[in-house]
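The lines below spell out each chain.
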Amino acid sequence: IRAAPVDSRTGAFVKAGASTKLQANATADDVATAVKSLCESLEWRGRVGVSLSGMNTRVEGEIAKVGAMSRDEVERKVHVATGRDVAVMSGAEACGFAELKFGGGVDVASGLVMFCMVGGRFSTSLYDDGVIVKNFAGEKVVDSWSDGERLAPIPEVGTASDTEEAWAAYAARVDKYILELEAKYTPNAIVLGGKAGQASDKILPRLTCKTSVVPGTLGFVAGVKGAAALGVQLLDVKATLLQVRNAIGKQSGVSPQSLTDEQLQKVFNRFDTSGDGLLEINELAAATKALGVKALDVQGLMNELDSDNNGVVSFEEWRGWWKKNVNVDTVTHIVSQEEWHEVMETEGDRLICLEVGFTFCRPCKAFTKKFNQIAEDFPTVRFITVYGNENGSTTVLARDELGGAHHHRIA
């Protein structure tokens, strides 16, 4: 693993990087240990983007196959090990994002752009106006290919394999791959990365696709720069979605974890101003504004929610995202005195750890990550958090029932 602090706006390295070895059969725990070691050696305390080429699942949320690691698992374990906000992505996603933002794809970054990272293996990522399209696994087109086609070695310049026949054969495989993807996704432009991109003078003249293809220019540093820059985008989207779900919980008077399907449907219907059962991007933008949430990247929110990538969000997609992202929380945020009473009644003899804070309290905010880490370590304990100044009900809970004389306390 290579790592370096990167200015995500310019792609410039802030200082010299570091590296550590990782075994080919590494587990998520091994990755977490390695990333923690790199953060410590670089004295890094900011957000972390992790790009794993060929090691994690190709689609976010996909069940890991033998020899691959779940993105969700890697993300969670690196977060616990480092205490940092973490975004995990594939190598093609990171490299493609870097090429569109800092490299050979800058001039073609608008519209739907496909990045093909081709060497001995084939992998692909897709971007909509610079925003990564989620749940995309373009490399699956090679699943039906023979091993000779799928894993063919690229000729090496200056060696015995550097012949016109070898380059023609390899370019034919690249062309076949791109043609299948072009027919399926009709991108506005294609960026060719990996070793094939570095040998673009040998590959590009032999391609027959109609879409314009440009070579990547960043080489092996694309993965590091892209992990940083795309990590920022992914984490910003996650932060906004967290605000959305908490705002919905507040409006409904219950914690996000307690919302029923019927309540979720009512929220969805309120956002669906056209009444067609689908959320379009303008409706999503209006919804975030109505909730008082500053959405930095509405297109990113749409891509996150739109699991089938058809440009709109159905209620099933909305509910699926909600259930996945709310129910996995180790800490429940409650927004009323009644919810606290319900927790006390339903949990019986189970140990409850309650954090009482205030939204303006900096120590409270600083303690949030630590509190979440503690919750990870004690799965049999119910962890609850409440802000005493969130509304009238929580004020009464903190002041009168819990005796919250201090800004921050654990009960």
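Computed from a predicted model, the values in this text were never measured in an experiment. (Residues numbered from 1 in each chain as written. Predicted model: local features only at pLDDT ≥ 70, side-chain atom pairs only at ≥ 80, totals over all residues. Heavy atoms only, no water.)

**Re the overall build of the chain**
Within the chain, the secondary structure is distributed over 15 helices and 15 strands. Once the C-alpha set of the chain is aligned to its principal axes, its extents read approximately 80 × 50 × 35 Å. Of all 411 residues assigned to the chain, the portion counted as buried reaches 49%. Across the chain, every contact between residues at least 6 apart in sequence was considered, and the portion connecting residues at least 24 apart equals 68%. With an accessible surface of roughly 19600 Å², the chain has 52% of that area assigned to carbon and sulfur atoms. For the chain, the distance from the average site of its 44 positive side-chain charges to the average site of its 54 negative ones is 5 Å. (Helix = DSSP H or I, 4+ residues; strand = E, 2+ residues; numbered from the N terminus. Buried < 20%, exposed > 50% of the residue type's maximum accessible area, 1.4 Å probe, protein only. Contact = heavy atoms within 4.5 Å. Areas by Shrake-Rupley, 256 points an atom, 1.4 Å probe, with all protein chains shown as cover. Lys, Arg positive; Asp, Glu negative; His and termini not counted. Charge placed at Lys NZ, Arg CZ, Asp CG, Glu CD.)

**Quick notes on the sheet that holds strand S9 (residues 213-215)**
Taken together, five strands build an open sheet; the order of strands is S7-S6-S5-S8-S9 and the sheet is mixed. Each edge of the open sheet is held by one strand with a lone partner, namely strand S7 (131-132) and S9. Bridge analysis of strand S5 (residues 112-118) against strand S8 (residues 189-193) gives five bridges, and the strand direction is parallel. By the bridge assignment, methionine 117 is partnered in S8 with glycine 193. Packed onto the sheet, helix H3 (residues 91-102) meets S5, strand S6 (122-128), S7 and S8 and runs at close to 50° relative to S6. (Pairing = 2+ DSSP bridges. Axes fitted to C-alpha atoms, helices over the stretch in contact; angles between N-to-C directions.)

**Notes on the pattern of salt bridges**
As enumerated under the stated definition, the model contains eleven salt bridges in all. Among the ionic pairs, aspartate 400 bridges to arginine 399, the shortest N-O distance being 2.8 Å. Connected through salt bridges with shared partners, the residues Asp29, Glu73 and Lys77 form a single ionic network. (Salt bridge = Lys/Arg side-chain N within 4 Å of Asp/Glu carboxyl O.)

**Details of unusual backbone geometry**
Backbone geometry at glutamate 43 places phi at a positive 55°, although glycine is not the residue there. Relative to the helices and strands, glutamate 43 resides in the loop between helix H1 (28-41) and strand S3 (48-52). Owing to a relative accessible area of 60%, glutamate 43 belongs among the exposed residues under this scheme. Here the phi dihedral of threonine 186 falls at roughly 40°; this positive angle occurs in a residue that is not glycine. In this structure, threonine 186 sits in the loop between helix H5 (164-185) and S8. According to the relative accessible area criterion, threonine 186 is exposed, its value standing at 59%.

**What to know about the packing of H1 against helix H2 (residues 71-82)**
Close contact between H1 and H2 brings their axes to 8 Å; oriented N to C, the two are set at 40°. In terms of their interaxial angle, H1 and H2 are classed as oblique. H1 and H2 meet at a crossing whose hand is right-handed. Where H1 abuts H2, its residues Ala28, Asp29, Val31, Ala32, Val35, Lys36 and Cys39 lie against Glu73, Val74, Lys77, Val78, Ala81 and Thr82. (Parallel < 35°, antiparallel > 145°, perpendicular 65-115°, else oblique. Left-handed = near helix turned anticlockwise from the far one by under 90°.)

**A word on the packing of aromatic side chains**
Scanning the entire structure with this criterion turns up eleven aromatic pairs. Considering the side-chain rings of phenylalanine 97 and tyrosine 127, the 6.4 Å spacing of their centres and the 45° angle between planes classify their relative orientation as tilted. Highlighted residues: phenylalanine 97 in helix H3 and tyrosine 127 in strand S6, separated in sequence by 30 residues. For the pair phenylalanine 97 and tyrosine 127, a shared accessibility class is recorded, and that class is buried. Seen from their ring centres, phenylalanine 268 and phenylalanine 315 are 5.6 Å apart, and the 75° between their planes marks the pair as edge-to-face. (Phe/Tyr/Trp six-rings, centres within 6.5 Å; stacked < 30°, edge-to-face > 60°.)

**Brief notes about the pairing of S5**
Of all seven residues making up S5, six are buried, and the element is well covered by its neighbours. One ladder, built from seven bridges, connects S5 with S6; its direction is antiparallel. In the strand pairing of S6, methionine 117 is matched with serine 123. Connecting the antiparallel pair S5 and S6 is a turn made up of three residues.

**Description of the packing of helix H13 (residues 337-347) against helix H15 (residues 392-401)**
Between H13 and H15, the shortest axis-to-axis distance is 7 Å and the interhelical angle comes to 60°. What the angle tells us is that H13 and H15 run oblique. Contacts between H13 and H15 involve Gln337, Glu338, Trp340 and His341 on the former and, on the latter, Ser393, Val396, Leu397 and Glu401. Considered class by class, the residues forming the contact of H13 with H15 number three nonpolar, three polar and two charged. (Nonpolar A, V, L, I, M, F, W, Y, C, P; charged D, E, K, R; others polar.)

**Quick notes on H1**
End to end, H1 covers 20 Å across 14 residues, agreeing with the expected 20 Å (1.5 Å per residue, within 8%). Taken together, the buried positions of H1 are Ala28, Val31, Ala32, Ala34, Val35, Leu38 and Cys39. Buried residues of H1, viewed axially, fall in a sector of 165°; they line one side. H1 presents Thr33 and Glu40 as exposed residues on the side facing more than 90 degrees away from its buried surface. Buried residues along H1 sit against strand S1 (2-3), strand S2 (18-19), S3 and H2. Residue glutamate 43 follows H1 closely and has a positive phi angle near 55°. (Expected span 1.5 Å × (residues − 1). Arc of directions from axis to C-beta.)

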